Amino acid sequence: MQNLKSDGYRPTFSGHETFPLRYGWLQKAYRAVDDAPSAKAAVHVFRDPDSIARFGVGRNMVGAIRYWATAAGVLDETEEGLETTWLGDLLFGKTGTDPYLEEDASLWLLHWNLVSRPRLTSAYWLFNEYRGGSFVRKDIEEQLLKLALECGWSRVAPTTVDRDLQCLLRSYIGGRGSSEAGDSILAELGLIRPMDKTRSRLSRGRKPTLPDAVFLYCFKEFWERFSPSQSTMTFENTAYAPGSPGRVFLLDEDDIVERLERLEENSDGSLVWSETAGLRQIIRHKDRSMKTERRLLKDALSRSRVQVAA
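Quick look at the structure, then. This one's a predicted model, so the numbers in the text were calculated from it and none came from an experiment.

1. A look at unusual backbone geometry
Its identity as a non-glycine residue notwithstanding, Thr18 has a phi of 70 degrees, on the positive side. You can see Thr18 is positioned in the segment before helix H1 (25-35). Judged by its relative accessible area of 37%, Thr18 is partly exposed. Despite not being glycine, Leu250 has its phi angle at roughly 55 degrees, a positive value. As for its placement among the helices and strands, Leu250 is situated in the loop between helix H12 (245-248) and helix H13 (253-261).

Spelled out as structure tokens, the structure:
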């Protein structure tokens with residue numbers, strides 16, 4: 001499982017052009033690439049002279065749309081070019097579960113894809129490595145610059161890191177219609193909250209809008225990255241390991257335990273929560289493929305949408 005100190009890791013502190021992820025961007029990016037005749041041709045939908053008119057934004061924002069769509073896992077940069085992903089198809093495809101991003105489940109999945117892997121250095125570090133509660137942006141910048149020095153990352157300038165952190169905080173603070181958040185979709189999750197003009201805090205605790213189906217899928221994906229050959233997973237790793245559901249979703253222990261207690265029912269018995277002899281762990285009785293997990297996730301989200309509509 002790759003982390004910030006892995007050999008060959010390349011940090012990312014730019015690409016968003018300081019624009020937070022906004023409503024409508026991911027859908028536009030997905031449809032533009034999906035309509036392209038090939039993956040190679042799809043690359044040019046963000047580069048050709050018509051890109052500004054196609055997306056209805058300026059040149060820098062076009063670059064930001066591509067950045068966020070790939071970072072969120074809606075698009076994938078391959079050797080052939082740009083392609084849509086299983087998550088993009090799940091949400092925005094012909095039988096997509098949430099084409100207008102109206103459901104909390106979709107936002108949690110996007111957040112998971114952005115933060116559970118070290119693709120975006122600042123975001124991954126803040127959610128998975130930072131151990132404090134409240135913070136000032138300057139303090140986070142100093143710790144990231146210290147990490148860059150320790151890891152030997154070249155050309156990491158303080159101004160670049162500061163702009164990246166500003167964009168990250170604007171992406172997660174505020175709400176719909178807030179000019180400070182730039183209408184960022186991630187602000188709806190309430191994971192980072194302002195305390196005053198300079199200090200913010202990570203909002204750890206229960207997450208009632210996080211569906212069990214999303215938690216189950218993300219937990220399984222974490223397991224596949226963390227220890228795919230192991231038949232058990234400790235509670236501590238589930239709650240506190242970098243890239244775990246506990247860290248990424250900022251869950252408290254009570255919420256995690258309650259969700260793990262429902263695992264057997266929600267996973268059709270493939271995963272079971274155990275507290276034998278004081279050892280808290282999850283036991284994998286049946287190994288289901290990620291392709292199967294994705295199909296089951298789509299079924300669960302589709303049922304939930306139908307129930308809400310009814």
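2. Quick notes on the side chain of Asn128
With respect to the helices, strands and loops of the structure, Asn128 is situated in helix H7 (residues 121-128). Setting aside chain neighbours within four positions, we find Asn128 in contact with Val115, Pro242, Gly243, Ser244, Arg247 and Val248.

3. A look at the sheet that holds strand E5 (residues 199-202)
Pairing is antiparallel in the open sheet, where three strands are placed in the order E3-E5-E4. The two strands at the open ends of the sheet, each matched to only one other strand, are strand E3 (134-136) and strand E4 (192-194). Neighbour to neighbour, the strand axes of the sheet diverge by 35 degrees on average, direction disregarded. Summarising the sheet, E3 and E5 pair through three bridges and their orientation is antiparallel.

4. What about the layout of surface pockets?
Of the voids in this model, the largest pocket is the one considered here, and its volume is about 510 Å³. Forming the boundary of the largest pocket are 25 residues, of which Ala213, Leu297, Ala300, Leu301 and Arg303 lie nearest the centre. Those elements that provide at least two residues to the lining of the largest pocket are helix H6 (104-115), helix H10 (212-226) and helix H15 (290-309). In terms of residues, the lining of the largest pocket owes the most to one element, H15, which gives 11 residues.

5. A word on the packing of H1 against helix H4 (residues 59-71)
Between H1 and H4, the least distance of the axes is 9 Å, while the angle of their chain directions is 85 degrees. As the angle between them shows, H1 and H4 are arranged roughly perpendicular. Contacts between H1 and H4 pair Trp25, Leu26 and Ala29 from the former with Met61, Ala64, Ile65, Trp68 and Ala69 from the latter. Partitioned by chemical class, the residues of the contact of H1 with H4 number eight nonpolar, no polar and no charged.

6. Focus: the pattern of salt bridges
Within this structure, the stated rule accounts for 16 salt bridges. The closest approach of N and O atoms between Lys220 and Asp287, which form a salt bridge, is 3.7 Å. One end of the pair, Lys220, is in helix H10; the other, Asp287, is in the loop between strand E8 (279-284) and H15, and 67 residues separate them in sequence. Judged by relative accessible area, Lys220 falls into the buried class, the value being 2%. Among the residues examined, Asp287 registers a relative accessible area of 53% and is labelled exposed. Among the charged side chains, a salt-bridge network with shared partners connects Lys220, Glu224, Arg284, Asp287, Arg288 and Glu293.

7. Some remarks on the environment of Ile173
Along the polypeptide, Ile173 turns up in the loop between helix H9 (158-172) and E4. The buried category is assigned to Ile173, whose relative accessible area is 12%. When the C-alpha atoms of Ile173 and Ile192 are compared, they prove to be 5.8 Å apart, with 19 residues separating the residues in sequence.

8. Details of the sheet that holds E8
Spatially, three strands are ordered E6-E8-E7 in an open sheet, and the strand pairing comes out antiparallel. Whereas interior strands pair on both sides, the edge strands pair on one side only; in this sheet they are strand E6 (232-234) and strand E7 (271-276). Ignoring which end each strand starts from, the neighbouring axes of this sheet average 30 degrees apart. With six bridges joining them, E7 and E8 adopt antiparallel strand pairing. Counted as the bridge partner of Glu275 is Arg280 from E8. Relative to E7, H13 is tilted by about 120 degrees, and along the sheet it contacts E7 and E8.

9. With respect to the environment of Cys167
Mapped onto the elements of the fold, Cys167 is located in helix H9. In this structure, the C-alpha to C-alpha distance between Cys167 and Asp34, residues 133 residues apart in sequence, is 28 Å. The contact partners of Cys167, leaving out residues within four places of it in the chain, are His16, Thr18, Phe19, Pro20 and Trp68.

10. Observations concerning the packing of aromatic side chains
Applying the stated rule across the entire model yields 15 aromatic pairs. Between the aromatic rings of Phe46 and Phe55, the centroid separation amounts to 5.1 Å while the plane-to-plane angle is 15 degrees, which identifies the pairing as stacked. Under the relative-accessibility criterion, Phe46 is labelled buried at 6%. A ring pair is formed by Trp86 and Tyr217, whose centres lie 5.2 Å apart and whose planes are at 50 degrees; its orientation type is tilted. Here Tyr217 lies in helix H10 and Trp86 lies in helix H5 (residues 86-92), a separation of 131 residues in the sequence. Residue classification places Trp86 among the partly exposed residues on the basis of a relative accessible area of 24%.

What counts and how
For every chain, the first residue of its written sequence is number 1, and the numbers climb from 1 along that sequence. Whole-chain, interface and lining totals are the exception, using all residues; otherwise, since this is a predicted model, local features are given only for residues with pLDDT of at least 70 and side-chain atom pairs are given and counted only at 80 or more. In computing side-chain values, all of the structure's heavy atoms are included and hydrogens and water are not. Put simply, DSSP marks the helices as runs of H or I at least four residues long and the strands as runs of E at least two long, and each gets a number from the N terminus on. Only protein chains enter the accessibility calculation, which uses a 1.4 Å probe; a residue whose area is less than 20% of its type maximum is buried, one above 50% is exposed, and one in between is partly exposed. Contacts are assigned to residue pairs with any non-hydrogen atoms lying within 4.5 Å of each other. Each pair of strands is called paired provided DSSP finds at least two bridges between the two strands. Between N-to-C directions, angles span 0 to 180 degrees; the directions come from axes that are lines fitted to C-alpha atoms, helices contributing only their stretch in contact. A 1.4 Å probe that fits into a set of points on a 1 Å grid over the protein atoms alone but cannot get out defines a cavity; an open set with protein on both sides within 12 Å along at least five of seven lines defines a pocket, and lining residues are those with an atom within 4 Å of a point. Grid points are joined across faces, edges and corners, and a volume is the space filled by probe spheres set on the points. Oblique is the label for every angle not falling under 35 degrees (roughly parallel), over 145 degrees (roughly antiparallel), or within 65 to 115 degrees (roughly perpendicular). Only Asp, Glu, Lys and Arg are considered charged, only Ala, Val, Leu, Ile, Met, Phe, Trp, Tyr, Cys and Pro nonpolar, and every remaining residue, Gly among them, polar. Any Lys or Arg side-chain nitrogen found within 4 Å of a carboxyl oxygen on Asp or Glu counts as a salt bridge. For this analysis, a ring pair means two rings from Phe, Tyr or Trp (six-membered ring only for Trp) whose centres lie within 6.5 Å, classed as stacked if their planes differ by under 30 degrees, edge-to-face if by over 60, and tilted for the remaining angles.

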